[in-house]
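Structure at a glance
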Amino acid sequence: MRVVSVSSLKGGVGKTTVTLGLASAAFAEGLRTLVIDMDPQSDASTGLDVIVGKHLNIADVLSQPRTSVIRQSIVTSGWTKSHRGTVHLLLGSPQVMRFDTPTLTKREIWRLEEILASIENDYDLVLIDCPPSLNGLTRMAWTASDQVIVVTEPGLFSVAATQRAFKAVDELRRGVSPRLKPLGVVVNRVRPQSIEHQFRINEMRELFGSLVIEPIFLERATLQQAQGAATPIHLWPGEAADETARDFTRLLGLIHREHDTARRS
Ligand SMILES: Nc1ncnc2c1ncn2[C@@H]1O[C@H](COP(=O)(O)OP(=O)(O)O)[C@@H](O)[C@H]1O
Ligand SMILES: [Mg+2]
């Protein structure tokens, strides 16, 4: 099982979109996937075609980390109604905010890792849609992760924000979890004609080198349409959707490669 956190310092830059795109790529590859919605905004359920009923959620799991509570907070994505596969969601909740404190005890920081250990054999891939901050929830998510993806738009503050995120990953890696690796930064919502965007992407490439992930992700209406229809991008019709789906498959390929390298070393 490989665990990947999708993070950013700002909301609205594309964390949930990248999480869903990766889940779609994993679904197409037949991987057993669990998406954990750690963002108090809890948007992942919409795209995964999940009706939030009387289930328990991530806030319940973090307060009572027992296997029975975990199982009751995991729901099946509607994606699997028409195609075979395993895509599950550990439901999000605004109540999870109470764990998003600047400091966590040692026990708290390892809590998600312990929870995931109890379902280790059930999934090939776990994707954590993180809150847009570097507080307790994100650090709990990173401590449970093998890799972190930072998502940004190519804007004025993206360089500084990405730098801060990588620094925080590095601190956590040295202080708490040596296995954690930054996969890199996904640049999202790029408009190829925008000179400003080209400038910002070049700026990031100069500073972060190979940590700037190829592919970059273009601004595509098709992504919003697929999300609105709660359909994986790999099953959405049209040329633009095909291209975007291929890019998410490439991104998943990078995750596999990094994981295999880490296992060999
Ligand atoms: N590459 C993209 N092209 C077009 N729309 C996008 C793209 N990435 C994200 N969006 C849209 O922008 C909004 C915010 O994205 P979202 O993934 O929810 O951000 P976050 O999870 O970081 O808050 C959503 O409506 C989403 O559909
Ligand atoms: Mg989101």
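Below, the structure is looked at part by part. Per chain, residues are indexed from 1 in the order of the written sequence. Lettering for chains starts from A, numbering for ligands starts from 1, and both go in the order in which the items are written. Totals for whole chains, interfaces and linings use all residues, but because this is a predicted model, local features are given only for residues with pLDDT of at least 70 and pairs of side-chain atoms are given and counted only at 80 or more. Each side-chain value is worked out from all heavy atoms of the structure, with water and hydrogens disregarded.

For the protein, the count of helices and strands is 11 helices and 7 strands. Scaling as 2.2 N^0.38, a compact globule of 265 residues should have a C-alpha radius of gyration of about 18 Å, and the protein matches this with 17 Å. The C-alpha extent of the protein, read off along each of the three principal axes, is 50 × 45 × 35 Å. To sort residues, take the accessible area from a 1.4 Å probe on protein chains only and compare it with the maximum for the residue type: under 20% means buried, over 50% means exposed, and anything in between is partly exposed. When burial is assessed residue by residue, the protein has 53% of its 265 residues classed as buried. The contact criterion used throughout is that any non-hydrogen atoms of two residues lie within 4.5 Å. Sequence separation of at least 24 residues holds for 80% of the intrachain contacts in the protein that already meet a minimum separation of 6. Of the roughly 12,100 Å² of accessible surface on the protein, 50% is carried by carbon and sulfur atoms. In this charge count, Lys and Arg are treated as positive and Asp and Glu as negative; neither His nor the chain ends contribute. By convention, charge coordinates are those of NZ in Lys, CZ in Arg, CG in Asp, or CD in Glu. Each charge sign in the protein was given a centre, from 30 positive and 29 negative side chains, and these centres are 4 Å apart. Secondary structure counts use DSSP, requiring at least four H or I residues in a row for a helix and at least two E residues in a row for a strand, with both numbered from the N terminus. Our radius of gyration looks at C-alpha atoms and nothing else; its globule reference is 2.2 Å times the residue count to the power 0.38. Areas reported as accessible are Shrake-Rupley estimates using a 1.4 Å probe. Residue values count occlusion only from the protein chains shown.

Relative to the assigned elements, Met-204 resides in helix α9 (residues 195-208). Given a relative accessible area of 0%, Met-204 falls into the buried group. Through-space distance from the C-alpha of Met-204 to that of Val-150 is 13 Å; in sequence the pair is 54 residues apart. Setting aside its immediate chain neighbours within four residues, Met-204 contacts Thr-152, Pro-154, Ser-158, Val-159, Thr-162, Val-187, Gly-209 and Val-212.

Regular strands place their side chains on alternate faces of the sheet. Judged by how many residues are buried, strand β7 (residues 181-187) sits mostly within the fold: 5 of 7 residues are covered. Strand pairing is assigned whenever DSSP detects at least two bridges linking the two strands. Bridging between strand β6 (residues 147-152) and β7 involves 6 bridges; their strand directions are parallel. Bridge pairing in β7 places Gln-147 opposite Lys-181. Between β6 and its parallel partner β7, the chain crosses via helix α8 (residues 158-175), and the hand of that crossover is right-handed. Here the term right-handed applies to a crossover when the path leading from its first strand over the helix to its second strand runs clockwise, the strands being oriented away from the viewer.

Below, the discussion takes up the site of ligand 1. What makes a residue near a molecule or strand is one non-hydrogen atom of that residue sitting within 4 Å of it. Neighbouring residues of ligand 1: 15 residues in total, closest Gly-12, Thr-17, Arg-189, Gln-224 and Gln-227. The term polar contact refers here to a pair of N or O atoms within 3.5 Å; inside protein, the definition further demands a hydrogen-donor-capable atom paired with an acceptor-capable atom, and it admits residues adjacent in sequence only when both atoms are side-chain atoms. Contact distances for ligand 1 include 2.7 Å between an oxygen atom and a side-chain N or O atom of Arg-189. Gln-224 places a polar side-chain atom, nitrogen or oxygen, 2.8 Å from a nitrogen atom of ligand 1. Relative to its free-state accessible area of 550 Å², ligand 1 is covered by the protein chains to the extent of 84%.

Pairing is mixed in the open sheet, where 7 strands are placed in the order β3-β4-β2-β5-β1-β6-β7. Both edges of this open sheet fall to β3 (74-76) and β7, since each of them pairs with a single strand only. Averaged over all pairs of adjacent strands, the angle between strand axes in this sheet comes to 25°, irrespective of strand direction. Where β3 and strand β4 (residues 87-90) come together, 3 bridges link them in antiparallel fashion. When the bridges of β4 are listed, Val-75 appears paired with Leu-89. Axes, fitted as lines to C-alpha atoms, cover a helix only where it is in contact. Angles between the N-to-C directions of the axes lie from 0 to 180 degrees. Against the sheet, α8 touches β6 and β7, its axis set at about 165° to β7.

So, on to the pattern of salt bridges. Here, a salt bridge means any side-chain nitrogen of Lys or Arg that lies within 4 Å of a carboxyl oxygen of Asp or Glu. Enumeration over the complete set of coordinates arrives at 15 salt bridges. Residue Asp-122 is joined to Arg-71 by a salt bridge in which the shortest nitrogen-to-oxygen separation is 3.0 Å. Placement of Asp-122 in the loop between α6 (111-117) and β5 (125-129) and of Arg-71 in helix α4 (residues 67-73) is noted, with a sequence separation of 51 residues between them. The exposure class assigned to Arg-71 is partly exposed, which follows from its relative accessible area of 45%. Two residues, Glu-203 and Arg-200, come together in a salt bridge whose shortest N-O distance is 3.0 Å. Here Glu-203 and its partner Arg-200 are both found in helix α9, 3 residues apart, which amounts to about one turn of the helix. Residue classification places Arg-200 among the buried residues on the basis of a relative accessible area of 10%. What you see here is one network of salt bridges that share partners, running through Glu-113, Asp-146 and Arg-179.

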